[in-house]
Amino acid sequence: MGNTSTFGTFTMARLGIFVAQHALNVTGNNISNINTEGYTREKLDQSSMYFGGADRYQSKYDIRENGGVLANGVDQIRDQYLDIRYRNEMTKVGAADAKLDGLKQLDAILDEVAKGEDGEGVLEARFNDFLQQLQELSKDQNAGNDDIDALVRSSAEALAVQFNTYAGRLETLKENVTAQFKQELDETNTTLEKIRDLNETIRKTQIFGGTGLTLKDERNLLIDDLSKKIGINVIYEMENLGDGVEVEKLKITTSGDPSRVLIDGIYGAQLSIVQKGDDVPCKDKAGNPVMKNGMQVYDKMNVDNDNFDLAISELVDKRGKSDPADPNKLEQVIDKFAVKLTKEGATGFKTYEEAKAAADLLNSDPAYYTNPSDPTKAFYYHVGNAKDADGLTDQTPPFYIHQHDTKMVDGTPTTDTVEGYIENPFRYTEVSAPRITKLKDTELSGGLQAMREMLTESGEYATAYEPEDLRYDPEAGTKRGIPYYQKALDTLANVFAEKLNNANTLYGDSYVESLDPKVLYETDKDGNFVAANGVVTNDPTMYVLKDDYKKYYRQNENGLFLDAEGKILTNQNDPTQYVPNDRIIDEKTLFKQDDNGRFVDTNGDPLELETVIDKFDTVSSANAATKFKTQEEAKAVVNRLNSDPTYCTSPTLAKDGKRYAYGLYYNPTSEQYYISQHKIDATATSIPDGDTPVNYVSVTSHEGDVKDRTKLVVKDEYKKYFETENGSFVDKDGNATTDPSKYVLKEAFKSLGGGALFSNSGNTDDTTEITAANISVSNSWAHGLNHVLRTKAADAKKEDGTDNKSRLQDNIRHIITVMGSKHEFKTGNEETSMNFEGTFQQMLTEVIAGTLAKDENITQTMLNNYNTTADEIYVDRDAVMGVDLNDEAMNMMQYQKAYSAACRLMTTYDAMLEKLINGTAV
Amino acid sequence: MSTFRITTNGMFRNYRSNLNKNNKRLNDTMTSVQTQRKFNTYAEDPAQASKAWRLRRSFWNTGNQIDNNTYVISKYESAYSAMAAIVDGDTEHPGLDGLLATIEGVSDTSGSARVALGRDLLSTAESIVSMMNTKYGDDFVFAGADGANIPFAWNDDGTKLLYRGVDVSLGKPEDFNKFFSKADREKYGISSPALADFDAATQKDISDIKLGTIPLDEEGYAQYYAEHEQSLEDFTADYKQTNPDATEDEAKTAYKNKVDAAYNNFVTTKGNEEIQKLTDQGVKGITTFDDAKAFYQKAKAFQNYESSYSVKNGVSYAAGVKDYKKLEEMSKEETYLDIGLGLKEDDKGNFVTGSAFNSAVSGLTFLGYGEDKNLAVLVKELGSIFYRADPESGDYASDEDRERASVLLDKIHDGIRSAQGQHVQLSADAKYLKTNLKQLETVKSELNEQIMDTESMDPAEAITEMTWAQYCYNAALRIGTNILSQSLIDYLQ
């Protein structure tokens, strides 16, 4: 039988009391913290006390009871798997919430349901009103009535103003969301900082043996918060401090890419918007441009980029010390750059290496080495120091980066200084070149990304304007943020203005010639003409014609410019060779046609059309060749091929004095024609009889323009439109011509009293680049110089240019039809464009507002789902970590009983020993 | 975990979330009741909202079409009653029908009432013109596409009726092609005076060409010779003097020989002068005397017609061509209005005629135009003839008057028939418009119903839903008061 110490049992009772009291304390703490946000239920970790070790002479009959209870510590009850699930769900909630918030704000602008008088809508009602006024104008009693024209105009004004209002509100919304996004970004950065700082405190606590439970609660709460803004992965690792001491280390990465680390123990990163340099001319206090050596000095100001690209900064600790094991792939970027004329405000680098790295970066980026005022000169960046202009002898910090003028040779900067300068002048620079990791579009998820998408995504327009977006994010084409709605509204305003202006205008040949070249050709933002490579030029042959104006010049079906004879220009890039279109509205109106709509000559016979080759291939077998059903069809293609050097000549054949020629083959069995390719002498005019074909031809083609435009016949009623001299039509040089395509419109008919109804500013009639923000009633219409064109009929104007009194109103009817017709609304260029076809009002209510509504509806449903799931997981998680009053009441009773029992044990022992000590006779 | 642990806060969170949902639902149903709308934002029901926009647009368009339709009906009614007054007459004027019956009655028997009738006819002509100048609102009804200007007016001396400045009795000029085919025009490098503006400078206005005196052929020349040089009689007399034995036949033969010789001489000498004269005037393709003859023949015919046209119509042929073309165009003027026929243009941008209603009413089609076609002019002329008849006997002032009166009477008959036909057509059109209006109104009311169905909430349904939401919300509140008080703690002593 083993020994039991007399008072040992007291210890057991004491431990019982002690532990029960601790347990009651923990229960009390749990109850008190029931409403503390993020509080995790704690529990006393208790174990039975075991007297360890075997006695040397222990009897196997000995009874070894344990020594009571021990409190080992206080633990948190938490399920990390539920944390992960909850945070993942919260990322979705955050994203959907932010998106819905943005959509609701858009909705407040663009959703017209139940708005306006009697729910007629706002812009929609303006469209209806405009149409109603046009209908009123179309009544013969009102046609040409200036009062009704004024009513149409004021309705158009209200329509334009509503467009402007919407565009303005969208712009304001974008600004607000931008501000909100930046604020969220700041808050996220603050959260990241707090987590990093808490990590350090927890680490310290743990090193000194503490648990840091409340700190962890606080940290968990911050991580929960972070998960709403960014999709994250939370990883707990153990950090070995040596001597067997290990502390917990928290690592947070983005969920999109585990190698993008936001928090690495005591090191933390910050998120920032990647800055974009844009050159701004320096001005002095008086607002005059700052010049040096006769040249304008430019500042590259740091401005936000439109795409709001985000970057993760270097991982640093609280004191700014870098993480030696920074796992992020960092690169150095120019974040801020400005040119300074003096040392004041310039950046002084502490080490030469640091400055050199920044200077190298500047020298490698065209944005910084290109001299916008002179393409023959470049900027060269060089590390000098404060004392010496050459900067090479004195190596005393701080080191400054100087900007020098050097020669630009073929677009490449050199280190040669520009000739003619007495000295090598330089300017100081202010440079900030941090090391960051750029994040791609899809690398973030959560609220922040949703807001970024709200600010940047343009849906269907992405294909045309932001092909980069699609490369990063294949779904960019279906993500629609504020820019989508802005662009869609712009498209609507633009197409509306274009269609109405076209319907109301009769363009003459000199329309483009009357325009300011600066309107016609591409210029830089200072108004200098630029060549196709973007270099400023004064050579008109290098100018680049803006896309919008290409239609006013003669082009073939494939968009290639033609000369006056209708031949394709050899130099397609020289706008001085382009020939202005001298067609009125469309040729169908102007030239005589037969019943099938084909242009006819003076005898009424249809004119021959050009054959345009779409696709051409040679094939070795006749079977693979393209078959033609009629000889005429095949002949047209053969003639076309034989007349075009592209298909007839080849450098290799030319060496042997040969060329290709094409012939017609007929297969009597299938009754089909096909085309053969022959090699013949370059000088030969026909294929020798019995020549064996070298190949056959696979070809697709279509009918193009009239081959000989001089044979077109102007309809009699339109003849009076053109300038004549001594009864003969003349071209624009005043020489008599029989080619109707060269006839020159009389001044009076250039516009039949119509003209642009809408322009890009109320002060001009400029119809280019009309957007929702700038659409206005044109200056001429506003001042009554233009009006809604009643008719384009030949007798609408007298030859002296005055109005004919006749009240035909076919053009008003046409405009009404335009209002109700389907138009194409393009989201970009031809190849990648995704188009919507519908009326103006359908574009407004179905495409713009409808898309928004559907998106909002879906997002709302998704948010509800995410919220429900998040709620469920929260409850699940709370089931583990939360405090329950019933539970705690039970604990309270339990520990109270345990306490009472331990006390009772004590009194029992006491009574027992009382007997033993005092009641036992000695 | 075998037994799921529901914590106090978990329960509160659930409760809060559900209470909030209930509250939102209550708010939504209350909004429905207040606004009487099924949806208040597009996002609530995108499909229905989109449908509602389409319906509303159709509703709006139908409204415009009804407005246009009503306008045309009113205009047609004005036109109809004006025409009725002309044909059937009113209290002040006898209708054309009645007048005609009277004329026919009197012309056969006693002519004593002719002068009085003439006066009546003259005043009827005036009243026809004034009726045709009827206005609807500020718009002249019968003015075709030019409702702003008075359509019919007499010229200063009251001899011609003008429609928008053009004489309605203008004779239809012969087509220039009849005199000079296209090939001829190209050959000679000449053009009609009416087309001169449009042709090349090298072309010559035919009216300006001074023609010489080319005989048409030998026979013709003989006649010419007889008229200008010496007649056969004179020649025979002279011939017999020198050749007393000569017979008549010999003299004739000698005369013929002389004419032939002169002709040949003319062809070689004077003929060349003619060719030169025409060439100098810019006529092309005249190289032989035959060319000159052929040209002369055609040009003479045209110039004769030109002068006769000008005498008859008081305007030059060139002006006549232009004015008559104008009359034709004005009679066909169209002003189309959208009255719900599906206004549209084809792929080429050409207006599809049947998709809108032509609201233009031209006085020209009602009264007629061209030589002896216009009813008002005919009536006026007949009136003048009657008026200048002998007041006593009623005899016509001249035989010409008598013949003319009989011609005019026939023409007036034709004119009245045509006007009556137009009158009937007008009535049919007005009937069609009224049916169309009825149809449009039905469509509008159906659209309105559909809009109501799509957008508006049935009050009973809305209130039921709100009551139910209210009930759920109250129940949720009740649960709240229960769970707030319940826990084991409450039972601890």
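All of these numbers come straight from a predicted model, not from anything done at the bench.

Rules used throughout
Residues numbered from 1 in each chain as written. Chains lettered and ligands numbered in written order. Predicted model: local features only at pLDDT ≥ 70, side-chain atom pairs only at ≥ 80, totals over all residues. Heavy atoms only, no water. Helix = DSSP H or I, 4+ residues; strand = E, 2+ residues; numbered from the N terminus. Rg over C-alpha atoms; globule rule 2.2 N^0.38 Å. Buried < 20%, exposed > 50% of the residue type's maximum accessible area, 1.4 Å probe, protein only. Contact = heavy atoms within 4.5 Å. Areas by Shrake-Rupley, 256 points an atom, 1.4 Å probe, with all protein chains shown as cover. Phe/Tyr/Trp six-rings, centres within 6.5 Å; stacked < 30°, edge-to-face > 60°. Pairing = 2+ DSSP bridges. Axes fitted to C-alpha atoms, helices over the stretch in contact; angles between N-to-C directions. Patch = residues over 30% accessible without salt bridge, like charges linked within 9 Å, V, L, I, M, F, W, Y side chains within 5 Å. Salt bridge = Lys/Arg side-chain N within 4 Å of Asp/Glu carboxyl O. Parallel < 35°, antiparallel > 145°, perpendicular 65-115°, else oblique. Left-handed = near helix turned anticlockwise from the far one by under 90°. pLDDT = per-residue confidence, 0-100. 1 Å grid on protein atoms, 1.4 Å probe; cavity = no way out; pocket = protein on both sides within 12 Å on 5 of 7 lines; lining within 4 Å. Points joined across faces, edges and corners; volume = space filled by probe spheres on them. Nonpolar A, V, L, I, M, F, W, Y, C, P; charged D, E, K, R; others polar. Buried area = accessible area lost by both parts, 1.4 Å probe. Polar contact = N/O pair within 3.5 Å; in protein donor to acceptor, adjacent residues only side chain to side chain. Lys, Arg positive; Asp, Glu negative; His and termini not counted.

Visitor: Hey, could you run me through the overall build of chain B in this one?
Guide: Per the secondary structure count, chain B includes 15 helices and nine strands. In terms of overall dimensions, chain B is more spread out than a globule: its C-alpha atoms have a radius of gyration of 44 Å, far above the 23 Å expected for 493 residues. Reported as C-alpha extents along the three principal axes, the dimensions of chain B are approximately 180 × 70 × 35 Å. Across the 493 residues of chain B, 44% fall into the buried class. Excluding contacts between residues fewer than 6 apart, the proportion of contacts in chain B whose partners are at least 24 apart in sequence is 68%.

Visitor: What should I look at first to understand the overall build of chain A in this one?
Guide: Per the secondary structure count, chain A includes 21 helices and 29 strands. Split into buried and exposed, the 922 residues of chain A put 48% on the buried side. Expressed as a percentage of contacts within chain A between residues at least 6 apart in sequence, the contacts between residues at least 24 apart total 65%. Roughly 44,500 Å² of accessible area belongs to chain A as shown, and the carbon and sulfur atoms make up 49% of that amount.

Visitor: Just checking my understanding: could you explain helix 8 (residues 447-456) of chain A for this structure?
Guide: In an α-helix there are 3.6 residues to a turn, and that puts residues three or four apart on one side. Residues and elements named next belong to chain A. Within helix 8, ten of the ten residues are buried, which leaves it mostly tucked inside the rest of the structure. Where helix 8 is concerned, the buried positions are Gly447, Leu448, Gln449, Ala450, Met451, Arg452, Glu453, Met454, Leu455 and Thr456. Against helix 2 (80-110), helix 4 (146-207), helix 5 (213-229), strand 7 (271-273), strand 12 (310-313) and helix 11 (482-504) lie the buried residues of helix 8.

Visitor: In this structure, what is going on with the packing of aromatic side chains? I would like to understand it.
Guide: Given two aromatic rings, one states the distance between the centres and the angle between the planes to describe the pair. For the structure shown, the criterion picks out 49 aromatic pairs over all chains. Aromatic side chains Phe529 of chain A and Tyr543 of chain A sit 4.1 Å apart centroid to centroid with 20° between the ring planes, which places their arrangement in the stacked category. With Phe529 of chain A in the loop between helix 12 (517-520) and helix 13 (587-590) and Tyr543 of chain A in the loop between helix 12 and helix 13, this pair connects stretches of sequence that are 14 residues apart. Assigned by exposure class, Phe529 of chain A and Tyr543 of chain A land together as buried. Between Tyr225 of chain B and Tyr255 of chain B, the aromatic rings sit 6.1 Å apart at their centres with planes inclined by 70°, giving edge-to-face as the arrangement. Of the two residues, Tyr225 of chain B is situated in helix 7 (residues 218-228) and Tyr255 of chain B in helix 9 (residues 248-280); the sequence distance between them amounts to 30 residues. In this structure Tyr225 of chain B comes out as buried when scored by relative accessible area, which is 5%.

Visitor: Can you help me understand the sheet that holds strand 23 (residues 695-706) of chain A in this one?
Guide: Across a sheet, paired strands are connected by hydrogen bonds in the backbone, their directions being either parallel or antiparallel. Residues and elements named next belong to chain A. One open sheet holds the four strands; their spatial order is 20-23-22-21, and the pairing between them is antiparallel. Pairing within the sheet leaves two strands with one partner each, and these edge strands are strand 20 (609-619) and strand 21 (658-667). Taking each pair of neighbouring strands and ignoring which way they run, the sheet shows an average axis angle of 40°. Pairing geometry for strand 22 (residues 672-681) and strand 23, over two bridges, is antiparallel. Considered in strand 23, the bridge of Gln677 is made with Asn695. Its contacts with the sheet place helix 14 (residues 631-643) against strand 20, strand 21, strand 22 and strand 23, and it is angled at close to 175° to strand 21.

Visitor: Teacher, can you tell me more about a nonpolar patch on the surface here?
Guide: All names here are of chain A. Together, Ile207, Phe208, Leu241 and Val245 give the surface a local cluster of nonpolar side chains, amounting to about 370 Å² of exposed area. Its location among the elements puts Ile207 in helix 4. A residue is classified by how much of its surface remains accessible, and Ile207, at 36% relative accessible area, is partly exposed.

Visitor: Explanation requested: the sheet that holds strand 3 (residues 152-154) of chain B in the structure shown.
Guide: Residue and element names in this part refer to chain B. As summarised here, the arrangement of the three strands in space is 3-4-5, forming an open sheet in which the pairing is antiparallel. In this open sheet, the two strands that pair with only one neighbour each are strand 3 and strand 5 (166-167). Taken together, the three bridges between strand 3 and strand 4 (residues 161-163) define a ladder with antiparallel strand orientation. In the sheet register, Phe152 faces strand 4, and the bridge partner there is Tyr163.

Visitor: I would appreciate a short explanation of the environment of Thr724 of chain A in the present structure.
Guide: Tracing the backbone through its elements, the reader meets Thr724 of chain A in strand 24 (residues 724-725). In this structure, the C-alpha to C-alpha distance between Thr724 of chain A and Asn735 of chain A, residues eleven residues apart in sequence, is 9.6 Å.

Visitor: Sorry, what's going on with the packing of helix 20 (residues 840-881) of chain A against helix 1 (residues 8-35) of chain B here?
Guide: Between two packed helices, what matters for the description is the angle formed by their axes and the separation of those axes. Axis separation between helix 20 of chain A and helix 1 of chain B bottoms out at 8 Å; the angle between their running directions is 160°. What the angle tells us is that helix 20 of chain A and helix 1 of chain B run roughly antiparallel. For helix 20 of chain A against helix 1 of chain B, the interelement crossing comes out left-handed. Residues Thr868, Asp871, Tyr874, Val875 and Asp878 of chain A of helix 20 of chain A pack against Asn9, Gly10, Arg13, Asn14, Ser17 and Lys21 of chain B of helix 1 of chain B.

Visitor: Just checking my understanding: could you explain the confidence of the model for chain B for this structure?
Guide: Keep in mind that low pLDDT regions are not for reading the predicted coordinates in detail. Scored by pLDDT, chain B comes out at a mean of 84, with 93% of its residues at no less than 70. Across the whole predicted complex the pTM is 0.74, and at the interface the ipTM reaches 0.77.

Visitor: Is there a simple way to explain empty space enclosed by the protein in this structure?
Guide: Rolled over the atoms, a probe as big as a water molecule pinpoints where empty space is left. Residues and elements named next belong to chain B. By the definition in use, this model includes eight cavities of 30 Å³ or more. Of the pockets and cavities examined, the second largest cavity occupies roughly 50 Å³. In terms of lining, the second largest cavity is formed by Ala85, Ile86, Asp90, His93, Pro94, Thr124, Ser127, Ile128 and Met131. Of all the secondary-structure elements, those providing two or more residues to the lining of the second largest cavity are helix 2 (46-88) and helix 4 (114-132). Top contributing element to the lining of the second largest cavity by residue count: helix 4, with four residues. Within the lining of the second largest cavity, the residues separate by chemical class into five nonpolar, three polar and one charged.

Visitor: What is the right way to look at the interface of chain A and chain B in this model?
Guide: Much of the literature gives interface size as the accessible area that the parts lose upon coming together. In this assembly, 74 residues from chain A lie in contact with 66 residues from chain B. Roughly 5,800 Å² of surface becomes buried between chain A and chain B when both sides are summed, with 53% attributable to carbon and sulfur atoms. Of all residues in chain A, Val113, Asp140 and Arg813 of chain A bury the most surface against chain B, accounting for 11% of the area lost on that side. Our enumeration of links across chain A and chain B arrives at seven salt bridges.

Visitor: Please clarify how the side chain of Arg5 of chain B should be interpreted in this entry.
Guide: Relative to the assigned elements, Arg5 of chain B resides in the segment before helix 1. The exposure class of Arg5 of chain B is buried, given its relative accessible area of 13%. Within the structure, Arg5 of chain B has its side chain in polar contact with the backbone oxygen of Ala879 of chain A (distance 2.5 Å). When neighbours within four sequence positions are excluded, Arg5 of chain B is seen to be in contact with Arg41, Asp878, Ala879, Val880, Gly882, Val883, Asp884 and Asp887 of chain A.

Visitor: Sorry if this is basic, but what is going on with the pattern of salt bridges here?
Guide: Side-chain pairs of opposite charge can arise whenever the charged atoms involved come near each other. Residue and element names in this part refer to chain A. Under the counting rule described, the total for this entry stands at 51 salt bridges over all chains. A salt bridge links Glu239 to Arg203, with the nearest nitrogen and oxygen atoms 3.0 Å apart. Taken as a pair, Glu239 in strand 3 (residues 232-242) and Arg203 in helix 4 lie far apart in primary sequence, 36 residues in all. A relative accessible area of 22% means that Glu239 is categorised as partly exposed. Taking the relative accessible area as the measure of exposure, Arg203 reaches 23% and is therefore partly exposed. One salt bridge in this structure joins Asp360 and Lys356, with 2.9 Å as the shortest N-O distance. Of this pair, Asp360 and Lys356 both sit in helix 6 (residues 352-364), four residues apart, roughly one helical turn.

Visitor: In this structure, what is going on with unusual backbone geometry? I would like to understand it.
Guide: Backbone phi values are negative for most residues with the exception of glycine, while trans is the configuration of most peptide bonds. All names here are of chain B. Despite not being glycine, Gln36 has its phi angle at roughly 60°, a positive value. Along the chain, Gln36 falls in the loop between helix 1 and helix 2. You will see that Asp372, though not glycine, has its phi angle at about 55°, which is positive. Positionally, Asp372 belongs in the loop between helix 12 (363-367) and helix 13 (375-387). Classification of Asp372 as partly exposed rests on a relative accessible area of 21%.

Visitor: In this structure, what is going on with the side chain of Asp111 of chain A? I would like to understand it.
Guide: Note on placement: Asp111 of chain A falls in the loop between helix 2 and helix 3 (123-138). This buried residue, Asp111 of chain A, is left without a salt bridge; Lys115 of chain A holds the nearest opposite charge, at 5.6 Å. Setting aside anything within four residues of it in sequence, one finds Asp111 of chain A in contact with Leu106 of chain A together with Thr41, Tyr42 and Ala43 of chain B.

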